[in-house]
Amino acid sequence: MRQRKRALILIYAVNIVVSLLYISPLLWMISSSFKPESRIFSDMTKGLIAFIPTDFTLDNYKEVFLRSNLLLYTKNSLFYVSVLVALSLLVNSMCGYALAKFNFRGKNLIFNVVIALLVLPLESIILSLYWVVIRLGWNDTFTALIVPFVAKCFNIYLFRQFFLDIPDDLIEAASIDGAGTVYIFFKLVVPISGPVFCTVLILDYIGYWSDFMWPLLVTLSENKRSIQLGLQAFFTDPPIYYGPIMAALVLSVVPMMILFFVFQKYYVQGIAVTGIKG
Amino acid sequence: MRRFLILLCMIALLGYAFAAGANEAAAAKTNANGEKEITMWYYDNKTMQPAFSQRVEDFNAKYKGQYHLTITFVPRGSGYGYEDKVNSAAFTDQLPDLVSIDGPNVANYAANGIIIPLDDLVSEESKADLMPSIVIQGTYDNHLYAIGYNESSTALIYNKEIFEKNGFRIPKSIEDAYTWEEIYEMAKKISTPECVGIKLITNKGEAIPYVLSSFWDMNNSAFTSADGSKCDGYINNEGGIEAGKYLQKFFVEGLANLDPTPTELQDGKSAMWLANSGYLKGILKSYPDFPVAVTYYPRTKSGNAASPCGSWAVGISKNAKDLEAAKVALEFMTNAESTLAYSTIGGYPPSRKSNYEGNEMWNTEPFKVYAEELFATAVPRPRTPVYTVLSPKFSETLLDIAAGADVKEGLDALAKYVDEEYARFQSSLKK
Amino acid sequence: MKTKKTKSLKQTEFKYVALFTFPALFLLSYFMFQAMVLAFGFSLLNFNMLKPKDAFFVGLENYRRLFTDPTFYRALRNSIYFTFVVIIYQIPLAFGLALLVRKKLRGVGIFRTAYFTPLVTSITVVSILWTFIYNPNPTQGLLNAMIVKFGMKPSMFLHDPKSAMNAIILMSGWHSAGRQMMILLAGLQAIPEDLYEAAAIDGANAFGKFIHVTLPGIKNVMIFVVQITMISAMKVFTQPYVMTQGGPKESTKTLTYFIYQQGFQFRNVGYASSISVLFFIIVVTISLLMKSLIKE
């Protein structure tokens, strides 16, 4: 018993130390957002004061709300990323499931093509993809932000790997009971795949939330502008005011943190297949 | 399986068929009020934006019923986002009627036909009122392609207290500016790791060629030949190597930081800073109690001087459908009233000579220094189609030199690299 | 009574195959695949981005140039080095973090979120901070300040070609470990609890459980993580772009950065595309090699 307790304390201790190391930049960013401009960098080398907003001020936040449309950009990003991620979860999980559990000619070929496409960095194809999208007449639309990325090789691969580990007996048992393929997928497989769905959701979300290049190329008007594009305005030409930058960055990080915190609890011992013993 | 591949190919082909001819660059649109639509892009500079928005409003009020101008502020950020957007738009014929360009890129866009010559679209009067440096910046192959919204200038900002404490002399006129040797000596005297002599690097992008190219220009050197076609024999000639070695001294001897913080001078971590007037304005605003003062950009011992200049300009793109409308908009957005507005809001010297008359800000200390430089010593950056290669490569080379690399080798490699790109560019123009 | 053997030989009905795979496949082929084919096509042209209509066919000229370009080899070496070190450094780190937060203890959500925060903190802020940490000036750089206190010489970190890449890798590991952590965490959760109970009954202690239950249980996920980390490490772009712009002396110029530079900065679309093609071939080859190595 004491051993268990000691182990627990150790785990907590290590976690706390490592966590502090990990969140210190974020803490710095948050405390800087509440400091007057002149203190942000001068405090950086003065030790702990870098993390404590002495001279607390809300000026930076006021500046952000007055001088930029950050709320609109956040709304835009929330909108198109949510649609994109929702579609992505649907389309890619289905494809991954088929590659994991179905049998058909060409299955291996398709899987290899998926892996091959996975290799391509966006930078390689961004120009030609842009050309394709413009040709479709999708310049300055949400469609251009969403559709090309719904199908994503990485996600298909991830889903496939996880679905492979779902015991065939489980599926077979349900099918013997008369359940159809589609029913099995949506009512049986998906509910026990919490971890992988959450992983894809979170990774996709942060990925697209921090995307800069693609939204830059395919959107133009204010009411399509994504949050990263809006943030960049603070970094442009002199003089750069870091106070509002910190405030804007804090505001942009909050939705992501909430998202993660909410979804990480679904990392439960999801595969309750442990119940099936033979 | 074969069926599947055929299916895939069909889809791709369908895409082509579908798309071929689907993208005619839009003709000049007329909106609901019968006004001709004119589009304009500027980069997302938060400081300048209000002035531009106001001028656009004024234009629309003046030309109500005739024209309607919309301006979009394209994100640029700390990199070259704006340029990436313009390049891609040029690639797909999606450029606006009026496109803003950073000064040194004019030659590149002109050489590639992205913007059209303005010779017949700008009045002689207007041209005569422009600062000579603006005209040089906007000219390529003897044609005027772009008009600068505002000028810029860089001078030596310093910490008055530190200078007084050390008894440094203060230059009384531009001819009296500090020499290279003096700057070095002063920096050496006051430099400690906690407070270095001078801040030479403002950012790792365009600021490096912008701020430091004058050292080449004043030392019997230059970044390229006058027509922008050759780099070898210019940036790496004797004077150029001297300039490189001179700058290198500051870094290797610890008199300048390789990674200065954005507010190094204001935080008391350096005593001098080569910075443009926009930064000075920023310091005066955010650090009202800081003992800041300005003096001229250094000159050589023999009295040669040069100073940085150049800023954003505007031209008419190849996709502009209604030239008359574009011409009117261009004229309005760069007339004397406009340029004065841009200058005042950003703290940048105006691009029109007439704006200096009776202009208190630019005729009194501290901004006077910048204006003087502009009239007397300003040398624009090279007008070459491969500036977009020269600039980042120069930054790279200078940072390597600052870290101790061999100056001659670095500059030679840079020159060779740029000349190769120039040749490649020429080859891409051949039919 | 259907036996397992019959099940694995049974072909799934076409309508289900179509329903499940066609949306993804159609989208992939119309966008990604088409873009890839186009890019490959561009590699055979002399293509100035700003004058697309003037592009002309040059056959394998771009490839010839590529094979004699020292920057290509440098970029290739940098990318491979980065990938290799990241795999042996970041994956164990991520695994360690995942192990730290796998148990549903009170407050574990906070720790998980903490390890995740670098991923959501803007890369620009991260780079500002790490530039400060790596500042060569010992009075301004956090790491150098500590190094000097221990009596050693300060390092130039991002300004020294020998250390720049390592500095970026260190930062990159801290930044991105959260991503692998999440996947490994999901994998850890999938190991059935009873296996641990069975091992305890057999008398295994914590270490034994780790060796005999955890490691085998995570093997497939781990292999997967190594593969995808390899691929995404080869693709790395943002960190060198933001922190060192490929320098000093091109020691941090990765292949993807090289592609971006040639394509967008220098506008040689043809050349950039040829680098893309070669990049593709190289990474696929490495991937296949890894696959066959693992099979053994």
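Residues numbered from 1 in each chain as written. Chains lettered and ligands numbered in written order. Predicted model: local features only at pLDDT ≥ 70, side-chain atom pairs only at ≥ 80, totals over all residues.

Scanning chain A for helices and strands turns up 14 helices and 0 strands. When the helices and strands of chain A are placed in sequence order, the string is α-α-α-α-α-α-α-α-α-α-α-α-α-α. For chain A, the C-alpha radius of gyration of 23 Å lies well beyond 19 Å, the compact-globule estimate for 278 residues. Counting only C-alpha atoms, chain A reaches 70 × 70 × 30 Å along its principal axes. In chain A, which comprises 278 residues, the proportion classed as buried is 48%. Sequence-distant contacts in chain A: of pairs separated by 6 or more residues, those separated by 24 or more amount to 76%. (Helix = DSSP H or I, 4+ residues; strand = E, 2+ residues; numbered from the N terminus. Rg over C-alpha atoms; globule rule 2.2 N^0.38 Å. Buried ≥ 20, exposed ≤ 12 C-beta atoms within 10 Å, placed from the backbone. Contact = placed C-beta atoms within 7 Å.)

Along the backbone of chain B there are 17 helices and 11 strands. In summary, chain B has a C-alpha radius of gyration of 24 Å against a globular reference of 22 Å for 431 residues, a match within 12%. Viewed in the frame of its principal axes, chain B has a C-alpha envelope of about 75 × 60 × 40 Å. Relative to its full complement of 431 residues, chain B shows a buried share of 55%.

With that settled, consider helix 8 (residues 153-164) of chain A. Relative to the 16 Å expected for 12 residues at 1.5 Å per residue, helix 8 of chain A spans 16 Å between its end C-alpha atoms, a close match to the ideal helical length. For helix 8 of chain A, the full list of buried residues reads Cys-153, Asn-155, Ile-156, Tyr-157, Leu-158, Phe-159, Arg-160, Gln-161, Phe-162 and Phe-163 of chain A. If you follow the buried residues of helix 8 of chain A, they end up packed against helix 4 (70-101), helix 5 (107-119), helix 10 (181-189) and helix 11 (194-209) of chain A together with helix 2 (14-42) and helix 10 (206-234) of chain C. (Expected span 1.5 Å × (residues − 1).)

Turning next to the confidence of the model for chain A. On average, residues of chain A score 84 in pLDDT, and 93% of them are at 70 or above. Residue range residues 269-278 of chain A is modelled with pLDDT below 50. Its contacts to residues more than four positions away, or to other chains, number 19 contacts. (pLDDT = per-residue confidence, 0-100.)

Let us now look at the environment of Lys-321 of chain B. Residues and elements named next belong to chain B. With respect to the secondary-structure elements, Lys-321 resides in the loop between strand 11 (312-316) and helix 12 (323-333). C-beta crowding within 10 Å serves as the criterion here: with 15 such atoms nearby, Lys-321 is assigned to the partly exposed category. With 224 residues separating them in the primary sequence, Lys-321 and Asp-97 have C-alpha atoms 7.4 Å apart.

Below, the discussion takes up the nonpolar core. The nonpolar side chains of a soluble globular protein tend to be buried with one another. Ranked by internal contacts, the top residues of the largest apolar core, which has 291 residues, are Ile-198 and Ala-329 of chain B together with Leu-184 of chain C. Apart from residues lying up to four places away in sequence, Ala-329 of chain B is in contact with Ile-38, Met-40, Phe-59, Tyr-67, Leu-69, Asp-97 and Leu-98 of chain B. (Core = buried A, V, L, I, M, F, W, Y, C linked by C-beta atoms within 7 Å.)

In this complex, chain B contributes 33 residues to the contact, which on the side of chain C involves 32 residues. Secondary structure elements with two or more residues in the side of chain B that touches chain C: helix 1 (2-19), helix 3 (81-91), helix 16 (387-402) and helix 17 (407-429) of chain B. The element contributing the most residues to the side of chain B that touches chain C is helix 16 of chain B, with 6 residues. Its residues placed into classes, the side of chain B that touches chain C shows 14 nonpolar, 9 polar and 10 charged. (Nonpolar A, V, L, I, M, F, W, Y, C, P; charged D, E, K, R; others polar.)

With that out of the way, let us pick up the sheet that holds strand 10 (residues 292-295) of chain B. All names here are of chain B. Across the sheet, which stays open at both edges, the 4 strands sit in the order 8-9-7-10 with mixed pairing between neighbours. Edge positions in the open sheet fall to strand 8 (196-199) and strand 10, since each of these has one partner strand only. On average, each strand axis in the sheet is inclined to that of its neighbour by 25 degrees, with strand direction left out of account. Inspection of the sheet shows strand 8 paired to strand 9 (residues 270-276) by 3 bridges, in the parallel sense. Bridge pairing in strand 9 places Lys-199 opposite Trp-273. Helix-sheet contacts for helix 8 (residues 180-190) involve strand 8 and strand 9, and the interaxial angle to strand 8 is about 135 degrees. (Pairing = 2+ DSSP bridges. Axes fitted to C-alpha atoms, helices over the stretch in contact; angles between N-to-C directions.)

Moving on to the domain arrangement of chain A. Residue and element names in this part refer to chain A. When its domains are assigned, chain A resolves into domain 1 (2-57) and domain 2 (64-275). Computed from C-alpha coordinates alone, the two centres of domain 1 and domain 2 are separated by 31 Å. Where the side of domain 1 that touches domain 2 is concerned, the elements lending two or more residues are helix 1 (2-33) and helix 2 (37-40). With 4 residues, helix 1 is the single largest residue contributor to the side of domain 1 that touches domain 2. Counted by class, the side of domain 1 that touches domain 2 contains 4 nonpolar, 2 polar and 2 charged residues. (Domains from an automatic or database assignment.)

What follows deals with the domain arrangement of chain B. Residues and elements named next belong to chain B. Here chain B is described as being made up of domain 1 (36-151 + 310-376) and domain 2 (154-308 + 386-429). Each partner contributes residues to the interface: domain 1 has 15 residues there, and domain 2 has 16 residues. Counting only elements with at least two residues in the side of domain 1 that touches domain 2, the list comes to helix 4 (106-111) and helix 15 (368-376). In terms of residues, the side of domain 1 that touches domain 2 owes the most to one element, helix 15, which gives 5 residues. The residue makeup of the side of domain 1 that touches domain 2, split by class, is 9 nonpolar, 4 polar and 2 charged.

Listed by partner, the interface residues are 67 residues for chain A and 69 residues for chain C. Only helix 1, helix 4, helix 5, helix 6 (122-135), helix 8, helix 9 (168-176), helix 11 and helix 14 (242-263) of chain A provide two or more residues apiece to the side of chain A that touches chain C. Ranked by residue count, the leading element in the side of chain A that touches chain C is helix 1 of chain A, at 10 residues. Residues that form the side of chain A that touches chain C fall into these classes: 48 nonpolar, 14 polar and 5 charged.

Attention shifts here to the confidence of the model for chain B. All names here are of chain B. Across chain B, the average pLDDT comes to 90, with 93% of residues at 70 or higher. The low-confidence segment residues 21-25 (pLDDT under 50) makes 7 contacts with residues lying over four places distant or belonging to another chain. The ipTM, which scores confidence in the relative placement of chains, is 0.83 for this predicted complex, and the corresponding pTM is 0.87.

Residues and elements named next belong to chain A. Running from N to C, helix 4 and helix 8 cross one another at 50 degrees; their axes reach a closest spacing of 7 Å. Our classification of the angle between helix 4 and helix 8 gives oblique. At the point where helix 4 passes helix 8, the crossing takes the right-handed sense. For the pair formed by helix 4 and helix 8, the contact residues are Ser-88, Asn-92, Ser-93, Cys-95, Gly-96, Tyr-97, Leu-99, Ala-100 and Lys-101 on the first element and Asn-155, Ile-156, Phe-159, Arg-160, Phe-163 and Leu-164 on the second. Split into classes, the residues belonging to the contact of helix 4 with helix 8 amount to 8 nonpolar, 5 polar and 2 charged. (Parallel < 35°, antiparallel > 145°, perpendicular 65-115°, else oblique. Left-handed = near helix turned anticlockwise from the far one by under 90°.)

Moving on to unusual backbone geometry. A negative phi angle characterises most non-glycine residues, just as the trans form characterises most peptide bonds. The peptide bond linking Glu-365 of chain B to Pro-366 of chain B adopts the cis configuration, its omega dihedral lying at -5 degrees. Relative to the elements of secondary structure, Pro-366 of chain B occurs in the loop between helix 14 (360-363) and helix 15. Within the chain, Asp-140 of chain A stands out as a residue other than glycine whose phi angle is a positive 60 degrees. Within the element layout of this structure, Asp-140 of chain A appears in the loop between helix 6 and helix 7 (142-146). Note on Asp-140 of chain A: 16 C-beta atoms within 10 Å, which makes it partly exposed.

A few words on the environment of Tyr-81 of chain C. All names here are of chain C. Note on placement: Tyr-81 falls in helix 4 (residues 70-100). Residue classification places Tyr-81 among the partly exposed positions, given that 15 C-beta atoms sit within 10 Å. Placed 67 residues apart in sequence, Tyr-81 and Phe-14 show a C-alpha to C-alpha distance of 45 Å.

Quick look at the environment of Val-328 of chain B now. Here Val-328 of chain B is to be found in helix 12. In this structure, the C-alpha to C-alpha distance between Val-328 of chain B and Tyr-63 of chain B, residues 265 residues apart in sequence, is 9.7 Å.

Attention shifts here to the pairing of strand 11 of chain B. All names here are of chain B. When you tally the buried positions in strand 11, you get 5 out of 5 residues, the bulk of the element. Because side chains alternate across strand 11, one face comprises the buried residues Trp-312, Val-314 and Ile-316, and the other comprises Ala-313 and Gly-315, equally buried. Judged from the 5 bridges that link them, strand 3 (residues 98-102) and strand 11 form a sheet pairing that is antiparallel. By the bridge assignment, Val-99 is partnered in strand 11 with Gly-315. In terms of strand pairing, strand 6 (residues 147-148) meets strand 11 through 2 bridges, oriented antiparallel. Paired with Ile-147 across the two strands is Val-314, which belongs to strand 11.

As a further point, take the sheet that holds strand 3 of chain B. Within a sheet, each strand pairs with its neighbour through backbone hydrogen bonds, oriented either parallel or antiparallel. All names here are of chain B. Taking strand neighbours across the sheet as the criterion, the 5 strands line up as 2-1-3-11-6 in an open arrangement whose pairing is mixed. Of all the strands in the sheet, just strand 2 (67-74) and strand 6 have a single pairing partner and so form its edges. Alignment of strand 1 (residues 36-43) against strand 3, held across 2 bridges, turns out to be parallel. Within strand 3, the residue paired with Trp-41 across the bridge is Val-99. Set on the sheet, helix 2 (residues 49-62) makes contact with strand 1 and strand 2; between it and strand 2 the angle comes to about 165 degrees. Together, strand 1, strand 2, strand 3 and strand 11 form the strand contacts of helix 12, whose direction differs from that of strand 1 by roughly 45 degrees.

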